[in-house]
Structure formats: C-alpha cells, structure tokens
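Understanding the architecture of this molecule
Listed here are the chains, written in short residue letters.
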Amino acid sequence: MKIKRNEPFRYTLKTPITGEFYLLKNEQRTPNGLMKIHNVSPNGLAISTSLKLPLQKSMKIVVEFSLIEGQDPLCIEGQLLHEKPVGPESLYGIRLNPSTTDRETIIAQVKQVAQLER
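Let me begin by describing the structure that accompanies this report.

Reading the values: rules and limits
- Residues numbered from 1 in each chain as written.
- Predicted model: local features only at pLDDT ≥ 70, side-chain atom pairs only at ≥ 80, totals over all residues.
- Heavy atoms only, no water.
- Helix = DSSP H or I, 4+ residues; strand = E, 2+ residues; numbered from the N terminus.
- Rg over C-alpha atoms; globule rule 2.2 N^0.38 Å.
- Buried < 20%, exposed > 50% of the residue type's maximum accessible area, 1.4 Å probe, protein only.
- Contact = heavy atoms within 4.5 Å.
- Lys, Arg positive; Asp, Glu negative; His and termini not counted.
- Charge placed at Lys NZ, Arg CZ, Asp CG, Glu CD.
- Salt bridge = Lys/Arg side-chain N within 4 Å of Asp/Glu carboxyl O.
- Polar contact = N/O pair within 3.5 Å; in protein donor to acceptor, adjacent residues only side chain to side chain.
- Core = buried A, V, L, I, M, F, W, Y, C linked by side-chain atoms within 4.5 Å.

A few words on the overall build of the chain. In terms of regular secondary structure, the chain is built from one helix and seven strands. Counted from the first residue to the last, the chain has its helices and strands arranged as β-β-β-β-β-β-β-α. Over its C-alpha atoms the chain spans a radius of gyration of 14 Å, differing by no more than 12% from the 13 Å that the globule rule assigns to 118 residues. Seen along its three principal axes, the alpha-carbon backbone of the chain occupies a region of about 45 × 30 × 30 Å. Taking all 118 residues of the chain together, 39% fall into the buried category. Considering only intrachain contacts with a sequence separation of at least 6, the fraction spanning at least 24 residues in the chain is 57%. Measuring between centres, the 16 positive side-chain charges of the chain sit 10 Å from its 12 negative side-chain charges.

What follows deals with the environment of Gly 44. Looking at where Gly 44 falls in the secondary structure, it is placed in strand E4 (residues 44-49). Take Gly 44: its relative accessible area is 1%, and that puts it in the buried class. Between the C-alpha atom of Gly 44 and that of Phe 9, which follows or precedes it by 35 residues, the distance is 9.8 Å. Excluding residues that lie within four positions of it along the chain, Gly 44 makes contacts with Arg 10, Asn 39, Ile 94 and Leu 96.

Turning next to the pattern of salt bridges. Any two side chains of opposite charge can pair if their charged atoms end up close together. Scanning the entire structure with this criterion turns up two salt bridges. Where Lys 52 meets Glu 83, a salt bridge forms, and the shortest distance between an N and an O atom there is 2.8 Å. A residue pair is termed long-range when its members are at least 10 positions apart, and Lys 52 in the loop between E4 and strand E5 (60-65) and Glu 83 in strand E6 (residues 74-86) qualify at 31 residues. Owing to a relative accessible area of 26%, Glu 83 belongs among the partly exposed residues under this scheme. Lys 60 is the salt-bridge partner of Glu 77, the closest N and O atoms lying 3.6 Å from each other. Placement of Glu 77 in strand E6 and of Lys 60 in strand E5 is noted, with a sequence separation of 17 residues between them. On the basis of relative accessibility, which here comes to 38%, the residue Lys 60 falls in the partly exposed class.

Moving on: the side chain of Thr 49. Structurally, Thr 49 can be placed in strand E4. Note on Thr 49: relative accessible area 2%, which makes it buried. Within polar-contact distance, the side chain of Thr 49 engages the backbone oxygen of Leu 34 at 3.0 Å. One polar contact links the side chain of Thr 49 to the main-chain amide nitrogen of Leu 51, over a distance of 3.3 Å.

A few words now on the nonpolar core. Of all hydrophobic cores here, the largest spans 26 residues; its most connected members are Leu 45, Ile 47, Ile 61, Val 63, Phe 65 and Ile 106. Broken down by secondary-structure element, the contributors of at least two residues to this core are strand E1 (11-25), strand E3 (33-41), E4, E5, E6, strand E7 (89-96) and helix H1 (100-116). At five residues, the largest contribution of residues to this core is made by E1. When residues no more than four places from it in sequence are discounted, the contact partners of Val 63 are Glu 20, Phe 21, Met 35, Leu 45, Leu 74, Cys 75, Ile 76, Ile 94 and Leu 96.

Here's what the structure looks like:
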C-alpha cells in the first residue's frame with residue numbers, strides 16, 4: 001500500500017476542546033464567542049457553537065485555541081464552509097489559512113494530544 005505523505009489528515013478529539021472565535025467583515029469585529037473543537041487538521045477545524053454564524057464568503061472567522069493546556073493559543077484566520085444543526089448547537093466546518101509555523105504547531109499539538117488520549 002502506497003502512503004501519500006502530503007495528503008492532509010484529520011484528528012477527531014475524544015473530548016472537545018474549548019476555544020474562542022470572532023468574526024470579521026469589512027474590518028468590523030464581533031465580540032468573542034465560545035466554541036468547542038471536535039476535530040482538527042493542519043488546514044481546518046470542525047467546531048460547535050450555540051451561536052448562529054453567517055455563511056458568507058465576505059465573512060472571515062478568527063479562531064483562538066490551544067490543543068494543549070497551558071500553551072499559548074494559536075490565532076488563525078479562516079473561512080466558514082458549512083453548517084450542520086446538532087441539537088441546540090450547530091456544527092461548522094472551517095478552512096483555516098495557517099502560516100507554516102501555525103501548521104507545524106497544530107501537527108505537533110495533535111501528536112501530543114493523540115498520545116495523551118491513548
């Protein structure tokens with residue numbers, strides 16, 4: 001079996017991790033909202049929140065999170081892709097626009113979380 005090393009991966013967390021986000025449109029910023037991260041990849045997240053978020057191409061989302069407690073949170077801009085209602089909350093898919101450093105940090109933190117969740 002041939003392994004594609006450049007193919008992205010997605011890690012599903014056993015326990016969702018809490019983070020914060022805010023939306024940007026035309027340089028206008030919303031107040032911070034709370035989110036739970038359900039799965040993560042170097043280029044995306046699946047989050048849930050009780051807030052209704054607009055799926056507009058002109059709208060950007062900025063997420064602040066750390067997969068490892070006590071580490072400085074990452075602050076990464078992204079785009080909302082889709083929404084799925086789940087009970088009183090909604091599950092959102094986000095495509096992140098991480099820097100190379102942020103991408104490497106996400107990969108390193110996912111590895112640490114995977115070891116802790118064993």
